[in-house]
Amino acid sequence: DIPTFNTIKNGNAHIIDVYAVDTPSSKAVKLTNSPKTITCATSCTDGVKNGQETDIDCGGSTCPKCAAGKTCTDAYRDCAFQASQSEYPICISNICATCKDSDALNYFTQGTITLKNGTATFTYQDSCVSSTTLNELFCKGYTNSYPAYNSYQINCAQPGNGTSSCSNGACV
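A.B. asks: Whenever I open this one, the state of the cysteines confuses me. Can you help?
C.D. replies: Structurally, a disulfide amounts to a covalent bond that connects the sulfur atoms of two cysteines. Considering all chains together, one arrives at 7 disulfides under this definition. In this model, Cys 44 is linked to Cys 63 through a disulfide, with the two sulfur atoms separated by 1.9 Å. Judged by the torsion about the S-S bond (-85°), the Cys 44/Cys 63 disulfide is left-handed. Of the two residues, Cys 44 is situated in the loop between strand S4 (36–39) and helix H2 (75–78) and Cys 63 in the loop between S4 and H2; the sequence distance between them amounts to 19 residues. Its relative accessible area of 24% is what places Cys 44 among the partly exposed residues. Across a sulfur-sulfur distance of 2.0 Å, Cys 72 and Cys 91 are joined as a disulfide pair. One disulfide, between Cys 72 and Cys 91, carries an S-S torsion of 110° and so falls in the right-handed class. With Cys 72 in the loop between S4 and H2 and Cys 91 in strand S5 (residues 87–92), this pair connects stretches of sequence that are 19 residues apart.

Okay, structure coming up:
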């Protein structure tokens, strides 16, 4: 079988025969110094999952980070995120996703946790579990486990909090 472009782009060595076309006769002529051994280098732009990539042309230690919905093995190394927007990379069931906390552990504002995996978005809100107790959600940060968020139980009536009760997912 003659190797095709897709079969030789996997970083392995291949032995191939090299032919040239004889112009007057239009026949393929095998060159005298054939076969040749060629080694195809992997690339982060070749459209093939190869080398250390965790998905096509992304992830691993040498390629750009993968977008949400792509395959990952390590959230920090493989998954893209926007640190400027308090977004954390997560790798759930080997799929890159992001976790964003809208209130960054602000007990006085009802916040949301938003998980995005490229095809779906899940949103969870801070909530009151009693008239004085807040369930404050937050992203775990770089994680390879589910759930990608955690929660604190905050006693809004505790001295020093400056509040006395919980209402609409916030200490007031």
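A.B. asks: Quick question: what am I supposed to make of the pairing of strand S10 (residues 133–139) here?
C.D. replies: Looking along a regular strand, one sees the side chains alternate between the two faces of the sheet. Burial analysis of S10 places 7 of its 7 residues in the buried class, the great majority of the element. Burial of the side chains of S10 extends over both faces: Thr 133, Asn 135, Leu 137 and Cys 139 are buried on one face and Leu 134, Glu 136 and Phe 138 on the other. In this structure, strand S9 (residues 127–128) lies alongside S10, joined through 2 bridges in antiparallel fashion. Looking at the pairing, Cys 128 lines up with Leu 134 of S10. Count of turn residues in the S9/S10 antiparallel hairpin: 4 residues. The pairing of S10 with strand S11 (residues 149–155) spans 7 bridges and is antiparallel. Residue pairing in the sheet places Thr 133 in a bridge with Asn 155 of S11.

Reading the values: rules and limits
The residue numbering used here restarts from 1 in each chain and proceeds along that chain's sequence as written. Predicted model: local features are reported for residues with pLDDT of at least 70 only, side-chain atom pairs are reported and counted for 80 or more only, and whole-chain, interface and lining totals are derived from all residues. Calculated side-chain values reflect all of the structure's heavy atoms, with hydrogen atoms and water omitted. Disulfide assignment relies on a single distance test, namely cysteine sulfur atoms paired within 2.5 Å. The way it works is that DSSP assigns letters per residue, a run of H or I at least four long becomes a helix, a run of E at least two long becomes a strand, and they are numbered from the N terminus. Exposed residues in this analysis have more than 50% of their type's maximum accessible area, buried residues have under 20%, and partly exposed residues fall in between, with area computed by a 1.4 Å probe over protein chains only. Strand pairing is defined by DSSP finding a minimum of two bridges between the two strands.

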